[in-house]
Structure formats: C-alpha cells, structure tokens
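What the coordinates show
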Amino acid sequence: MVNQRTPSQHNSTLFISPHIATRRQLFKTPPNPSTKLLDSPGSHSFFLERSVTGEGNDSDPLTLVERLRLWRHDALMQHQYQTAAFVGDKVLSLTHDANDAFWLAQVYYNSGQYLRAKELISGKPEYEKSVTCRYLAARSAIKLELWDEALDLVGENNPFSDRSDRARGERTILSDNKRTEQPPKEVGDGGIKLEASMCYLRGMIYANQNNFERAKECYKEALVVDVKCYEAFNELVSNSMMMPAEEWDFVQNLRYDDDLIRLLYCSRLSKYVNRARYEEADTILNQEYELHDNNDLLVNRANYLYVSCNFDECLQVCEKVLAQDHLNFEILPLYFSCLYENGGKNKLFLKAHQLADTHPTDPVTWLAIGTYYLSVNNLPEARKFFSKATLLDPNHGYAWIGFGHTFAADGEHEQAMSAYAFAARLYPGTHLPHLFLGMQHFLMNNFSLAQEYLQSSYQICATDPLLLNELGVVCFHRNNLSRAQAYFEEALAAAKHLNADSKAWISIHTNLGHTFRRSKQLEKALECFQQVLRLSHKDDASILAAVGLVHLKLGNASMAVESLHNSLAISPSNPIANDLLKRALELSRDSFASVQVPGIPKSKRLDDKQDVSELAESLKRGEESSEDEEMEIESD
C-alpha cells in the first residue's frame, strides 16, 4: 500500500498524490515519439514516465493498488471522469483508505456531482479524521449552498491554530498588524497548506452569510498560515475588505518565500495610498522580471488610472488587456465604467452582446447590459439588468452601485441610498459608495449628512477630484466659502493629469469661479469663467451669463451687455440673463440709447440707482428667480 497515513493540516494534497507519495514516480515530460508514433502503438501517461534508473527502490515493480491509483489519477488529469470513477471505486474497495476516498470524491466533484462527493466522505468516522476529506466535503457543501453544514465541516474557528508551531507569532500579526515575533520558516512541499485552504473556505462561508467582518479575519488568517493562498488574498483586495492603510500594513508584514510574490501582491493593493510604493513595485516587475506585457500587471495599472479619474488612459489599458484576453473578467467592470464615462455606447453594446452569447449566466454579462442601458438613459431596462446581476451574485458590488445609479437618475433617493449602503458594506475599503451616498443626501438638501458621508469618503481617498469637487459644493451651499475654495483648488491640483476638456476639469473651474464671485473676488472669478470658455471649445449660456454678471458688478456695462446677448442667443428663455441684460442696459442708457430690447415693457425697467444686490433681493420677492438660484455650481 502506498501512503496509508493521513496528512496533517500543514501539508497540501500533493502529499497524498500517487505520483510523489513514494518518490517512485518522477514528473517528466513524455518523450517526443517523433516518427515512431506511427510504428509503435505504445502509450504514455499524461504526466509521467516510469523511472527506470534503477536507483534506490525505483526499479521495484508496482503493486496492483499502485498501478490502479496511477490509472485513476491519470484518467482524472485527462478529464476522463467515468474511467477515473470506475477505477477509483475499485481502489477504495480494496484499501478502504481515506486518501483513496478523497480522490474518488475528487472525481465526483470535478464532474459536477457535488452531493455524491459530499456523501461519500462525510458522515463516516474513518474519513472524517482526514483533513483532506473534510476540506473536500466542505467545498462540495459550498457548491450546494449548504452554508451551515459547510461551516460545521470546517469549524467556526481554525481548529489547528493552537497546535501550530507558529500560532503565537501569527496571532500577534493578526491582532495588531505588527511583526513583533517572526515565526520560524518552514520547508513545505511547494503546495498550499490545507490549514490555509480551510481558513479560506471558512471566509467564503461567512461572506455568503453576510458576516463580512468574520470573513475578513478568516481570509487574513489564511494568508498568515500560508501566503501562497492567493484566493484569500484576492477576496480581501478585490472586495476592498480592509481600509487602504490597513491593507498595505497587513500584506507587507506577511512572510514571503520569494520576493516576486511580495512585489506581485503589493502591485495589487489599494492605489489610494502608497502610490510611490506601487510605482516602485510595478517598475521592478516590468524591468527586472520583464512582466511588462503581463495582463495582471496591466489590470493593476488600469485600477491605478481609474482611481486617478484618468478614464481616457485607463480605457486604453483595458483595451490592451482585452486584445490579449477578450474574456478577462477582472478588467471588464473597469472597462464598462470607462466606456460609460467616455460615452462609448457602441462598444458597450457590442461587448454586452458578445457576453450574452458566450456567458449568459455570468453576472458580469448583465452588468454590461445594464451599463449600456444606463448610458442611453433607458433607466427601467438598466435597473432590470442590474437587478439580475445582483440575483446571480448578491455580493457583486459593481451591480449594486449601478442599481443605485438607476434610482438616483430617476430622483428616487431613498432607493438609491439603500443600494449604495449595501455596496458600502460589501466594499468598506473603497470611497465610491460613501461618495454617492453623500451626493444623494445633498440632493435632498441634507447638507450635514452629505458632508458627513463625503468626509468618510475623503478619509479613504483624498485624491479623487470628483470627491473634492463635491465637498466644495456642499461647503458652498453652507456658505463656508473659504473652505469651498480650498476644496476646489485641491481638486484642480488632483485633476492636473486629466484632459483639459474633461467634464471634471471644466466643472471644477466653473465652481471655483462661482465661489470667487460669491466671495467678491471678481477678477479671479472672471479669470475662471474665461478659462472654462477656452477649455470647453464652445459657448455655454450659463457661463456667458456668469461672465456678464461679473462684468456688471465690475461696472463694465458694455462688456456685460455683450456677454448677456451671447448667452441669450444660445438660450433665449433664460430669465436671469434677461433680467441682468435689462439692468446692464439701464446702467449704460446714455451710451446705448439707440439699443432697442424687444419684449421689455417700460414698467419693468429699473432705476439707475438700484444696484445689483438690490436687483437680486427684488427678484427673490418677485416674479423671476435670483441670480444665485439660477447660477448654481455644478455637482458631478
């Protein structure tokens, strides 16, 4: 019999592989049969050749059970599941060994027979003692969505932590994220420790039970046990389960056997903080390891650009990734977001149709369709497909945010906030859900709550120009003009890498101009508005009206008249521009005596001594709107 001993939780499943259990078989590439393939009917194993070196015990003949195990394993590797099940069943009947039960259950699991796999290895005392059997039974229960039963199999807590030689040092890392005691380095078999894999499964179960805090701790424990458990790392990072600074601190303090793994992990971490460290890791991976065309590194770069609101360049990187792997599902949500921001409706339509044809049951497909309908302002259809994505994956944060956007666009603020709040629970380490919650409270005139949520978002990401713009807008409406000005100027500094004609850049300049206007810094306000007109490459009625108002306050009546005429040429029904034009014409009556303004009755002409502030006050009480009611600053 080969390897009757059940492995400990510190081993991987390689320990019970029939290929390496006794080192009698060596991993080799099958020889090139060349021209003899047609002449000789001899076959080769998918994975190995029998060693015939004669060294040690390698020349000893294999027993019947050993030959059957190799047959079973090779059939499994070649996805011949009926063969593997047929042979594995006979091996188990001959040996009654837990390891053979594990491999037969593995055949059932890989062929989609999850219930059969679970029932084979659970409920039998001789198999329940095997860590590998409990692990596979738990995986089968997860596939069947039997969360409580799966948790019973793996335990609510790690049962091996107190027995581990490195438990005390690892608990120190988990408790305060400081490496105060370095655990001794262990030599493994190159696989992933089963203890780490079971911690990961425990995290999956808690996440599906919406216990995200416990899930986070389980994923962290899996990485402390074995940093090679990438599944746990991916769950932590892709779902932003930790705050950015906590994420960096935890991952950098893990024990790595290879510097390459440390650099790869660091390049995946949050781009809100430690951007210089990310750039350093990315440079080393590109130059020293020559991974510049690796898709994972390109995805990391796309995330970096997206966080910086550099949607144009992010879109280019996304398209480069998809050119190499058009079904890279990790990049697709970013790709959809960039297409939405840049108005790429046709590309969204095409990609959505391709995914619907090839992956009709994947939530990313319905995310794509929902994003397309949102881009064409078909809100009912968009809501329907975002909802379908959340049904397929209740923890899909992108779909919940899109779902909230459809309600926000319809003015249904309560429903929008509910969707955003759930996304905030799913992604506690990202700033976007809090940003959107703040925007909804602002639209409901709850300025205090709006500022509270926006400040929460700011604590996570202090470099997003759109967030800084929203903070400035809230401060403007709360008449805290000095703070509003500071936020807008900070937003401009953060947006310096954006294209000059981007909507964000223009909005920030516009809002800063209104802040200067309200705080009586008229020359600076005029400069901002003129900058907007230069950047937008087209005349904007509201900006021209604002320019006219500033000229009017500066006493430049003729320039005010010109700007207001241009504004009314674009938007003739603008009541504020009409009112300001009346005032400008009255102030320059002597020099513009010949100017006739149709539709202005003499009874509504204003006295020369009435100043602009009195005009605003009178308009607030009268038929028309005031200048500040019309000239609101822009929220994104």
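Residues numbered from 1 in each chain as written. Predicted model: local features only at pLDDT ≥ 70, side-chain atom pairs only at ≥ 80, totals over all residues. Heavy atoms only, no water.

Thoughts on the overall build of the chain
- Check the secondary structure of the chain and you find 34 helices and two strands.
- Expressed as a percentage of the 636 residues in the chain, the buried residues total 51%. (Helix = DSSP H or I, 4+ residues; strand = E, 2+ residues; numbered from the N terminus. Buried < 20%, exposed > 50% of the residue type's maximum accessible area, 1.4 Å probe, protein only.)

Considerations on helix α24 (residues 432–443)
- The first and last C-alpha atoms of α24 sit 17 Å apart over 12 residues, in line with the 16 Å expected at 1.5 Å per residue.
- In terms of burial, α24 is a largely internal element, 10 of the 12 residues being buried.
- For α24, the full list of buried residues reads P433, H434, L435, F436, L437, G438, M439, Q440, H441 and F442.
- Close packing links the buried residues of α24 with α22 (397–409), α23 (413–426), α25 (447–460) and α26 (465–477).
- Phi turns positive, to about 65°, at N445, one or two residues after α24. (Expected span 1.5 Å × (residues − 1). Contact = heavy atoms within 4.5 Å.)

Some details on the packing of aromatic side chains
- Taken as a whole, this structure holds 21 aromatic pairs when the rule is applied.
- Judged by centre distance (6.0 Å) and plane angle (35°), the ring pair of Y200 and Y219 falls under tilted. You can see Y200 sitting in helix α10 (residues 194–208) and its partner Y219 sitting in helix α11 (residues 212–225), a full 19 residues away along the chain.
- Residue classification places Y200 among the buried residues on the basis of a relative accessible area of 7%.
- Given a relative accessible area of 1%, Y219 falls into the buried group.
- An angle of 40° between the planes, with centres 5.8 Å apart, marks the rings of Y230 and F233 as tilted. Separated by three residues within a single helix, Y230 and F233 lie in helix α12 (residues 230–238), roughly one turn from each other.
- The partly exposed category is assigned to Y230, whose relative accessible area is 34%.
- Site record: aromatic cluster; members linked through ring pairs are F349, W366, Y372, Y373 and F385.
- When the ring centre of Y278 is taken as origin, the NZ or CZ atom of K271, which lies over that ring, is 5.1 Å away.
- In this structure, K388 packs its charged tip against the face of W366, placed 4.0 Å from the ring centre. (Phe/Tyr/Trp six-rings, centres within 6.5 Å; stacked < 30°, edge-to-face > 60°. Lys NZ or Arg CZ within 6 Å of the ring centre and 35° of its normal.)

Quick word on helix α20 (residues 363–375)
- For α20, built from 13 residues, the straight-helix expectation of 18 Å at 1.5 Å per residue is met to within 8% by its first-to-last C-alpha distance of 18 Å.
- Within α20, 12 of the 13 residues are buried, which leaves it mostly tucked inside the rest of the structure.
- The inward-facing, buried residues of α20 contact α18 (332–341), α19 (345–358), α21 (379–392) and α22.
- Put simply, D362 is the residue that caps the front of α20, since its side-chain oxygen is 2.9 Å from the backbone nitrogen of V364.
- One or two residues past the end of α20 sits N377, with phi positive at roughly 65°. (Polar contact = N/O pair within 3.5 Å; in protein donor to acceptor, adjacent residues only side chain to side chain.)

Thoughts on the packing of helix α30 (residues 541–554) against helix α32 (residues 575–587)
- Remark: α30 packs on α32, axes separated minimally by 10 Å, with the N-to-C direction vectors making an angle of 30°. By the angle between their directions, the pair α30 and α32 is classed as roughly parallel. In the packing of α30 onto α32, the handedness of the crossing is left-handed. Residues A545, L549 and L552 of α30 form the contact with α32, whose participating residues are A577, L580, R583, A584 and L587. (Axes fitted to C-alpha atoms, helices over the stretch in contact; angles between N-to-C directions. Parallel < 35°, antiparallel > 145°, perpendicular 65-115°, else oblique. Left-handed = near helix turned anticlockwise from the far one by under 90°.)

Topic: unusual backbone geometry
- Phi angles above zero are rare outside glycine, and C309 is one such case at about 60°.
- With respect to the helices and strands, the residue C309 is situated in the loop between α16 (295–307) and α17 (311–324).
- With phi around 60°, N479 is a residue other than glycine that occupies positive phi space.
- When you line up the elements, N479 lands in the loop between α26 and α27 (481–494).
- The class of N479 is exposed, set by a relative accessible area of 57%.

Side note on the UniProt feature "repeat: TPR" (unreviewed entry) in the chain
- Within this numbering scheme, the UniProt entry marks residues 196–229, 363–396, 397–430, 506–539 and 541–574 as carrying the feature "repeat: TPR" (unreviewed entry).
- Within the segment residues 363–396, helix and strand shares are 79% and 0% respectively, and the terminal C-alpha atoms sit 8 Å apart. (UniProt positions renumbered as here; feature names shortened; annotations may be inferred.)

Looking at the pattern of salt bridges
- Scanning the entire structure with this criterion turns up 18 salt bridges.
- Residue D100 pairs with R72 through a salt bridge whose shortest N-O separation is 3.0 Å. Of the two residues, D100 sits in helix α4 (residues 98–110) while R72 sits in helix α2 (residues 64–77), which places them 28 residues apart along the sequence. Both residues of the pair, D100 and R72, count as buried.
- Taken together, the shared-partner salt bridges connect E213, K216, E217, K220 and E246 into one network. (Salt bridge = Lys/Arg side-chain N within 4 Å of Asp/Glu carboxyl O.)

Focus on the nonpolar core
- Counting 160 residues, the largest nonpolar core has Y219 and F336 as its most contacted members.
- For this core, the element with the highest residue contribution is α10, accounting for 10 residues.
- Of all hydrophobic cores here, the second largest spans 13 residues; its members include A545, L549, L581 and L585. (Core = buried A, V, L, I, M, F, W, Y, C linked by side-chain atoms within 4.5 Å.)

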